[in-house]
Amino acid sequence: MLSKIVVAMFVCSIYLLVAFHAPLDAAEQPNIVIMLIDDMGVMDTSLPFLTDSDGTPKRYPLNEFYRTPNMERLATRGIRFNNFCSMSVCSPTRIAIMTGQNAARHRTTNWINPDSNNAGPQGPTDWNWNGIKKGAVTLPSLLRSNGYRTIHVGKGHFGPRSSDGADPINVGFEINVGGASIGAPGSYYGMQNFDRPAKANAKKVKASQGNVPPDHAVHGLEKYHGQDIFLTEALTLEAKKHVTDAVNSNKPFFLNFAHYAVHSPFNSDPRFAANYKESGKPEPAQAFATLIEGMDKSLGDILDHLESLGVAENTLIFFLGDNGSDAPLGHEHEVACAAPLRGKKGSHYEGGMRVPFIAAWAKPNADRAIQKQLPIASNVIQSQQAAAYDMFPTVLALSKTKLPKDYVIDGKRLDTLLTGKPDSSRDEKFLMHYPHAPHRTDYWTSYRDGDWKVIYHYFPTDVSQGSHYQLFNLKSDPFEQKDLSKENPAELQRMMEGLVGALEAQEAVYPVGKEDQSPQKPKLPVSTSAKLIVSTAFDEPTPPTRKGKINGWQAAIGDWSVKDGALHGDEVPEDKHASSCTYRIAATDLVITAQFKLGSAEHLAFGCRDNIAPNHHLARTFVSAEKIWIQKMSGISKTTKAEKVAELQTVIDREKWYDLKIVIRGDHYQAQVGDHILEAHHERFKDAKELVALIVKGQGAQFRNISIAHGE
């Protein structure tokens, strides 16, 4: 009898042990692993990401140079993207992943120098050098509140040394190994304590003087000091340990495994050096390749460990780089280190922003309920564009974690794309904003929209051939060899309008002028394709006129006169209506340019009216001392109904002349007043226009140099 009880207890204990370590059931939450590789571009791998015209993976010489068998292994289990974008430098991407926001919005638009504000000589004064602040909405903080064990291993770089973001614990992680303010390790060698070799003696000498040099050691790895171990391996051992602890505690985990590899210094990993000795590549490039292979071994070790713990089927892995390649091969603006792509980390070309991205269940099993919620295609390439901040909403949705109300994100869920299908609900747009210097390219913004890409250079240099603008069609010219900005002005105009609108929507900060330190917002190109209707300088003096011609315009209501090279508009109280001066036209799309001064007027406006009676529709740009707004109006006189469709609170100097440009194309209406951009869309903007009007409420407004052109 006793033996039967013992056997029963033994069987029960075995059952409980198996159940304890068994994969979590459908009611539980998936484990999430983000494996982020520093400075790894889309071509730094033996796994081909680029495709030919038929969508078939195409191997290039760099794919033959590198060795990444575990990336290939992961890709067979999941899907890889060949148009996946990160920011062109590291901290902006890392914070985008944590927050779901584009760098233009979270404003950490440069890599973070741990010890000094590195905005650059003309960088924005209000960029977010301090990075993520304690208590901010982040992916780990949200997952942690939903029951996850949150683990950070490796590079942080979320804030400078004296800030909250210097410690990933303040960002929402329960566990931090190796994360700090530094962007690169002092050394990859345990024998050097993962610090700069020259620092050790300097610290001893200066410590007594209270002037210790900045620390570049990777912290949290002291037990490996003095050992013959490479940093990548030490971090992998730590990641495996903390994943084991999470599984043993029966908690879902989020592992942010952010390797310092393959960032400089290019210390050769001795485990793999022999593989590249006969490559013919220079020694730094060989060392870089060993960092790549060591990172790949780490990926394989993590996959094996998840399977050994029995949680691979319940673990979703995202593998990606934080910016384009920094391989020490060739010129930074040419087809070299990311060949056949042009450019590298920090540059405005695709080689600076295109990164490898693989998403997979660590062990696919289509019968698992959790995998049915997010079925990921196997061994498939997705060509639709996506970006690093898209992981944020994707992970939250899968883990059933709520996003705080009113928190704004730029990321969009990847669910449909991960199945291998196109997602028509997503636009293929990517904004990369770098208002800083010095780097491979200084002070620039790029904007992708479908096949097109425009780059705006705030201060033109030889890098931009002395122009503000570069324009490429990535379908016909994927390697950015032919600048189309001069031969395709209409497309340049459209893309620049999109770029400006995206920056304004994300409330971006801008470089500043040398003299006055004022923000230097992008300037729209002067259209050369628009056919001029009328251009009036108002340089013919004219006495006050009511209901008469004035320099070719029609004074309709109020007093209008020309003096001192400007048209003056004054409301007349007995009219009981704002003054107006009009010009008859016959056009659909319009480009209106002018200069104005508000003076003592309550507000002024530039309006146009369609020719559809009886309820004529009007669109107006209004300017007051406190704000600018776009208003759509229907009807005329007493039957008018107004609808405000865009508004910007700002300060307009009453005694300053402002440049204005209004562009109406189809249902799109854009107004640029000085540095301010407003945009709106409405079906009635498409209607044919029969009249342009200048409007003044009050007295003292002035206008000059008005041009009206067809916008076709």
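Residues numbered from 1 in each chain as written. Predicted model: local features only at pLDDT ≥ 70, side-chain atom pairs only at ≥ 80, totals over all residues. Heavy atoms only, no water.

Colleague: Looking at this structure, I do not really get the pairing of strand S28 (residues 668-673). What am I missing?
Modeller: Each regular strand carries side chains that alternate between the two faces of the sheet. In terms of residue burial, S28 counts as a mostly covered element, since 6 of its 6 residues are buried. The two faces of S28 match: His668, Gln670 and Gln672 on one face and Tyr669, Ala671 and Val673 on the other face are all buried. Pairing of strand S27 (residues 658-665) with S28 involves 6 bridges; the strand directions are antiparallel. For arginine 665, the partnering residue across the bridge sits in S28 and is histidine 668. In the sheet, S28 pairs with strand S29 (residues 676-681) via 6 bridges, with the strands oriented antiparallel. When the sheet's bridge partners are listed, valine 673 is paired in S29 with histidine 676. Turn length for the S28-S29 hairpin, with the two strands adjacent in sequence and antiparallel, is 2 residues, and the turn residue glycine 674 shows positive phi of about 60°. (Buried < 20%, exposed > 50% of the residue type's maximum accessible area, 1.4 Å probe, protein only. Helix = DSSP H or I, 4+ residues; strand = E, 2+ residues; numbered from the N terminus. Pairing = 2+ DSSP bridges.)

Colleague: Before we go on, may I ask you to explain the packing of helix H3 (residues 69-77) against helix H9 (residues 283-309) in this structure?
Modeller: Two quantities define a packed helix pair, namely the angle between the axes and the distance from one axis to the other. The contact between H3 and H9 brings their axes to 7 Å, and the two run at 50°. It follows that H3 is oblique to H9 by the angle criterion. Residues Pro69, Asn70, Met71, Arg73, Leu74 and Arg77 of H3 touch H9, and the partners they reach there are Met295, Asp296, Lys297, Leu299, Gly300, Leu303, Asp304 and Glu307. When grouped by side-chain class, the residues that make up the contact of H3 with H9 number 6 nonpolar, 2 polar and 6 charged. (Axes fitted to C-alpha atoms, helices over the stretch in contact; angles between N-to-C directions. Parallel < 35°, antiparallel > 145°, perpendicular 65-115°, else oblique. Contact = heavy atoms within 4.5 Å. Nonpolar A, V, L, I, M, F, W, Y, C, P; charged D, E, K, R; others polar.)

Colleague: Help me understand the side chain of threonine 401 in this model?
Modeller: By the secondary structure assignment, threonine 401 is in the loop between helix H11 (391-398) and helix H12 (415-418). For threonine 401, a relative accessible area of 9% gives the class buried. One polar contact links threonine 401 to asparagine 146, side chain to side chain, over a distance of 2.8 Å. In contact with threonine 401, other than residues within four places in its own chain, are Leu142, Leu143, Asn146 and Leu396. (Polar contact = N/O pair within 3.5 Å; in protein donor to acceptor, adjacent residues only side chain to side chain.)

Colleague: Just to check I follow, could you spell out the pairing of S27 for this structure?
Modeller: With 6 of its 8 residues buried, S27 lies for the most part within the structure. Note: strand S22 (residues 590-597) against S27, 7 bridges, orientation antiparallel. Bridge pairing in S27 links glutamine 595 to aspartate 659. Connecting the antiparallel pair S27 and S28 is a turn made up of 2 residues, with glycine 666 showing a positive phi of about 60°.

Colleague: Hey, could you run me through helix H4 (residues 90-99) in this one?
Modeller: Helical periodicity: at 3.6 residues per turn, an α-helix aligns residues three or four positions apart in one direction. The element H4 is extensively covered by neighbouring structure, given that 10 of its 10 residues are classed as buried. Listed as buried for H4 are Cys90, Ser91, Pro92, Thr93, Arg94, Ile95, Ala96, Ile97, Met98 and Thr99. On the buried face of H4, the contacting elements are strand S1 (31-37), helix H5 (103-106), helix H6 (139-145), strand S6 (253-259), strand S7 (315-321) and H11. Immediately downstream of H4, the backbone of glycine 100 shows phi near 75°, a positive value.

Colleague: What's the story with the nonpolar core in this structure? I'm lost.
Modeller: Side chains of a nonpolar character, in soluble globular proteins, are inclined to be buried together. One finds Tyr66, Met71, Leu221, Phe253, Leu255, Leu306 and Phe319 to be the most contacted residues of the largest nonpolar core, which totals 66 residues. At 11 residues, H9 tops the list of elements feeding residues into this core. What phenylalanine 319 contacts, discounting residues up to four positions off in sequence, is Met35, Ile37, Met40, Met71, Leu74, Met295, Leu299, Pro356, Phe357 and Ile358. By size, the runner-up hydrophobic cluster in this structure holds 46 residues, among which are Ala258, Leu316, Phe318 and Tyr407. (Core = buried A, V, L, I, M, F, W, Y, C linked by side-chain atoms within 4.5 Å.)

Colleague: Mind showing me how you'd approach the side chain of glutamine 470 here?
Modeller: Turning to its location among the elements, glutamine 470 is positioned in strand S14 (residues 469-473). A distance of 2.9 Å separates polar atoms of two side chains, one belonging to glutamine 470 and the other to histidine 348. Of the polar contacts made by the side chain of glutamine 470, one reaches the side chain of histidine 457; its length is 2.8 Å. Apart from the residues within four sequence positions on either side, glutamine 470 is in contact with His348, Tyr349, Lys453, Val454, Ile455, His457, Val463, Ser464, Gln465, Asp483 and Ser485.

Colleague: When you look at the environment of aspartate 462 in this model, what are you seeing that I'm missing?
Modeller: Topologically, aspartate 462 is positioned in the loop between strand S13 (452-457) and S14. Along the sequence, aspartate 462 and phenylalanine 392 sit 70 residues apart, while their C-alpha atoms lie 38 Å from each other.

Colleague: Whenever I open this one, the sheet that holds strand S5 (residues 175-177) confuses me. Can you help?
Modeller: What the 8 strands build is an open sheet, ordered S5-S4-S6-S1-S7-S8-S2-S9; its pairing is mixed. Either end of the sheet is taken by a strand with one partner, and the two such strands are S5 and strand S9 (380-382). When strand polarity is set aside, the average angle formed by the axes of neighbouring strands in this sheet is 15°. Pairing geometry for strand S4 (residues 149-154) and S6, over 6 bridges, is parallel. Across the sheet, arginine 149 pairs through a bridge with phenylalanine 253, a residue of S6. Across the sheet, H3 is in contact with strand S2 (79-81), S7 and strand S8 (357-361); its angle to S8 comes to roughly 60°.

Colleague: Explanation requested: H11 in the structure shown.
Modeller: Of all 8 residues in H11, 7 are buried; the element is thus mostly enclosed. Taken as a whole, H11 has its buried residues at Met391, Phe392, Pro393, Thr394, Val395, Leu396 and Leu398. Note on H11: the residue one or two positions beyond its end, lysine 400, has a positive phi of about 55°.

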